[in-house]
Amino acid sequence: KVVRSSNNSTMPFVLRSTSFLTGFLDSTYSATKFPRSSTIPSFFRRSHPSPLTSTRPFAASRMDGSKDSSKQKKYWNREDSAHGEYSYLDPNKIVREAKIVSLSDPEDPANIALFHGTMPPGATFLGAGMTPNDFDIEELNSVHKPNVLFMSPSCPNAAKILPELLSAVPSLEWVHARSAGIDFISSPELGATPESVYVTNAKGQFSSTLAEYTMMACSYFAKDLPRLMRQKKSKNWGKYNVDELRGKTMGIVGYGDIGRACAKLASVYGMRIIALRRNPALSEDDPLCDTVYGTDKKSLNQLMSESDYVVCSAPSTIETRGMVNADAFKAAKDGLVFINLGRGPVVDENAMIEALKEGRLKGAALDVFTVEPLPQESELWELENVLLSP
């Protein structure tokens, strides 16, 4: 739900819902993740999968008794379900139909399931476009009355276009961002929309994968994997010393869902965890954290000076853009490895490059960049102490 921020932040709203994630098991069955029921509109609160990541009307043949319609759709909840557990969708429990439109590139391959897959009962996909002009607004309002809007990062100028579409189609009640980050849709105009509009994101969608990436990146530098690859290529049986991750300190800048997933894996390795978050009190009793700092510059520099590995998983907001700057890299502990998983603009890329070239950083593992795709002229391509992933 769109809610006014209580801490006078420049962010115009905060999210009250969490994640959606769907994977199709085959043409009939789908596995779906959706937010806790207490945080989504009442007409979606019954136990059924999100309509946001399915497509096309549910085939009538599956509802005509030739097959048990209650066994046609599987779903599971990331928040509550154990691995391997799932439930079946009961079409009789659907309260109200979800009528979905999408602000996204109609050719976006990441949305194939939405555009060309099979819809669960009680959900209808009406179409996709990148501007309000791509839709027949008059027909939407007079005939279909859509109530769900699926947002994709493939929509250019989404932050500007979203409020326009919400104004043009007043029946819309639920906006869902496909990504965990919402910077591509946030704007003061969105903050001024009616409080009856719910805004959800895909929180947690990539947390496990990025946590595994983080531990891979730590091992990449601790065990000097580039050297192993060079020695293999040259058939060189040369032994060398490697570092252990056990006993090292991981600093996490932005202790949200991704940050905590990283801490969970790092703690299994025996690493000490320092977290940086806007409200440290929220992690006072967190068993994974040894120390929790606030987000002021002094705390960031302290974290940089104590950590052997720093994971940046902070979102891109007005407050965080450029927060990991030259001063932070100057405060870095000798041999520090910097890992950025959150948003490229949070880091001063030029300052990081200088720190890498001067040896103040042992290395960097980068999954996000200020400009994406990373320009070919970027020095990051040429630095041997940098691990890049698109």
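Quick note: structure is the one above.
Residues numbered from 1 in each chain as written. Predicted model: local features only at pLDDT ≥ 70, side-chain atom pairs only at ≥ 80, totals over all residues. Heavy atoms only, no water.

(A) Up close: the overall build of the protein. Within the protein, the regular secondary structure consists of 10 helices and 16 strands. Restricting the contact set of the protein to residue pairs at least 6 apart, pairs at least 24 apart contribute 69%. (Helix = DSSP H or I, 4+ residues; strand = E, 2+ residues; numbered from the N terminus. Contact = heavy atoms within 4.5 Å.)

(B) Just unusual backbone geometry, in detail. Omega for the peptide link from E372 to P373 comes to -5°, which places this bond in the cis form. Its identity is not glycine, yet K145 carries a phi of approximately 50°, on the positive side. Of note, K145 is situated in the loop between α2 (137-144) and β7 (148-151). Accessibility expressed as a relative area gives 46% for K145, which makes it partly exposed. Backbone geometry places N157, a non-glycine residue, at a positive phi of 55°. Locating N157 in the fold gives a position in the loop between β7 and α3 (158-168). Judged by relative accessible area, which is 59%, N157 ranks as exposed. (Buried < 20%, exposed > 50% of the residue type's maximum accessible area, 1.4 Å probe, protein only.)

(C) Region of interest: the packing of helix α5 (residues 207-222) against helix α7 (residues 257-268). It is at 8 Å that the axes of α5 and α7 come closest, and there the two elements cross at 50°. It follows that α5 is oblique to α7 by the angle criterion. As for how α5 packs across α7, the hand of that crossing is right-handed. The segment α5 lies against α7, with S207, L210, A211, E212, T214 and M215 engaging D257, I258, A261, C262, L265 and A266. Within the contact of α5 with α7, the residues separate by chemical class into eight nonpolar, two polar and two charged. (Axes fitted to C-alpha atoms, helices over the stretch in contact; angles between N-to-C directions. Parallel < 35°, antiparallel > 145°, perpendicular 65-115°, else oblique. Left-handed = near helix turned anticlockwise from the far one by under 90°. Nonpolar A, V, L, I, M, F, W, Y, C, P; charged D, E, K, R; others polar.)

(D) Geometry of the sheet that holds β7. Read from one edge of the open sheet, five strands run β6-β5-β7-β8-β9, paired in parallel fashion. The open sheet terminates on both sides in strands that have one partner only, identified here as β6 (123-129) and β9 (198-200). Averaged over all adjacent pairs, the angle separating strand axes in this sheet is 20°, with direction ignored. Looking at chain direction, strand β5 (residues 98-103) and β6 are connected through six bridges and run parallel. Bridge pairing in β6 places L103 opposite G129. (Pairing = 2+ DSSP bridges.)

(E) Quick look at the side chain of D308. Take D308: it is sitting in the loop between α8 (297-306) and β13 (309-312). The exposure class of D308 is buried, given its relative accessible area of 12%. Within the structure, D308 has its side chain in polar contact with the side chain of K333 (distance 3.0 Å). Non-local contacts of D308, meaning those with residues more than four positions away in its chain, are made with K248, T249, K333, G335, L336 and V337. (Polar contact = N/O pair within 3.5 Å; in protein donor to acceptor, adjacent residues only side chain to side chain.)

(F) Here's a closer look at the pattern of salt bridges. With the rule as written, the count across this model stands at 12 salt bridges. Of the charged contacts, one joins R272 and E306 as a salt bridge, the two residues approaching to 3.5 Å between their closest N and O atoms. Highlighted residues: R272 in strand β11 (residues 272-276) and E306 in helix α8, separated in sequence by 34 residues. Given the relative accessible area of 18%, E306 is considered buried. Through salt bridges with shared partners, a single network forms among E354, K357 and E379. (Salt bridge = Lys/Arg side-chain N within 4 Å of Asp/Glu carboxyl O.)

(G) Seen up close, the layout of surface pockets. Estimates place the volume of the second largest pocket at around 290 Å³. Looking at the second largest pocket, the residues that line it are Y220, F221, D224, P226, R230, K362, L380, W381, L383, E384, N385 and V386. (1 Å grid on protein atoms, 1.4 Å probe; cavity = no way out; pocket = protein on both sides within 12 Å on 5 of 7 lines; lining within 4 Å. Points joined across faces, edges and corners; volume = space filled by probe spheres on them.)

(H) Inspection of the sheet that holds β13 at higher detail. With parallel pairing, the seven strands of this open sheet are ordered in space as β12-β11-β10-β13-β14-β15-β16. The open sheet is flanked by β12 (291-293) and β16 (386-388), the only strands paired with a single partner. For this sheet the average axis-to-axis angle between neighbouring strands, irrespective of direction, equals 15°. Relative to β13, strand β10 (residues 249-253) is paired through four bridges, and the arrangement is parallel.

(I) Structural context of the packing of aromatic side chains. Under the defined criterion, the tally for this structure stands at three aromatic pairs. Seen in terms of ring centroids, Y220 and F221 are 5.0 Å apart; in terms of plane orientation they differ by 80°. Their pairing is edge-to-face. A relative accessible area of 16% means that Y220 is categorised as buried. Among the residues examined, F221 registers a relative accessible area of 9% and is labelled buried. (Phe/Tyr/Trp six-rings, centres within 6.5 Å; stacked < 30°, edge-to-face > 60°.)

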